[in-house]
Amino acid sequence: QVQLVESGGGLVQPGGSLRLSCAASGCIFSINVMGWYRQAPGKQRELVAKITSGSSTNYADSVKGRFTISRDNAKNTVYLQMNSLKPEDTAVYYCNADLVLLHPYRNLVLWGQGTLVTVSP
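Summary of the structure given here. (Residues numbered from 1 in each chain as written. Predicted model: local features only at pLDDT ≥ 70, side-chain atom pairs only at ≥ 80, totals over all residues. Heavy atoms only, no water.)

### Looking at the pairing of strand β5 (residues 46-51)
Reasoning step 1: As paired elements, strand β4 (residues 28-39) and β5 share five bridges and run antiparallel to each other. Paired with R38 across the bridge in β5 is E46.
Reasoning step 2: Hairpin connection, β4 to β5: the antiparallel pair is bridged by six residues, and G42 has positive phi, about 75 degrees.
Reasoning step 3: The pairing of β5 with strand β6 (residues 57-59) spans three bridges and is antiparallel. Its bridge partner being in β6, A49 is matched across the sheet by Y59.
Reasoning step 4: Taking the residues that link successive antiparallel strands as the turn, the β5-β6 hairpin has five residues, and the phi of S55 there is positive, at about 75 degrees. (Pairing = 2+ DSSP bridges. Helix = DSSP H or I, 4+ residues; strand = E, 2+ residues; numbered from the N terminus.)

### Looking at the pairing of strand β9 (residues 91-101)
Reasoning step 1: The element β9 is largely enclosed, with a buried count of nine among its eleven residues.
Reasoning step 2: Bridge analysis of β4 against β9 gives nine bridges, and the strand direction is antiparallel. Its bridge partner being in β9, Q39 is matched across the sheet by V92.
Reasoning step 3: One ladder, built from three bridges, connects β9 with strand β11 (residues 115-119); its direction is antiparallel. When the bridges of β11 are listed, V92 appears paired with L116.
Reasoning step 4: Bridging between β9 and strand β10 (residues 106-111) involves six bridges; their strand directions are antiparallel. Bridge pairing links L99 to L108 in β10.
Reasoning step 5: Linking β9 back to β10 in an antiparallel pair, the connection comprises four residues, with H103 at a positive phi of about 60 degrees. (Buried < 20%, exposed > 50% of the residue type's maximum accessible area, 1.4 Å probe, protein only.)

### Details of the side chain of N96
Reasoning step 1: By the element assignment, N96 lies in strand β9.
Reasoning step 2: Residues within four places of N96 in sequence aside, it is in contact with L4, V33, M34, G35, Y37, V109, L110 and W111. (Contact = heavy atoms within 4.5 Å.)

In C-alpha cells:
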C-alpha cells in the first residue's frame, strides 16, 4: 500500500519554528513533484511550497524567506522548515506527492492525512 505519512505539527509561539516531515512508502519507482499545502478554518487549501525531483522550488509569497522546503530522494521524504511563524500560519498542513509506481507502471497523486500547526501565544 502506497501512503504518505506526515509528522512534526504542533503548538508553537509566534516567532518560533517547526519542522514538518512527510515520508512516502510502498512500491514507488520515483517521485516527481512533492509539496506542502495548508488549509486554515473557513479557507480554501493553498499551496505553501513545492519541490521537483531536481530540487527546483516554488513558494507562496506569504512564506518566502521564512519557510524552506527540501527533500531526501533516498528516503522518499520531503521536509518543510518553518521559521518566524505567525498566527496566520495556523492551519492543517498537507503533504502532496506525484508518484510513479510499478506493477503496473502508472502515475498517482497522493495526499497525506494532514498535520495541525497552531501558532499562538
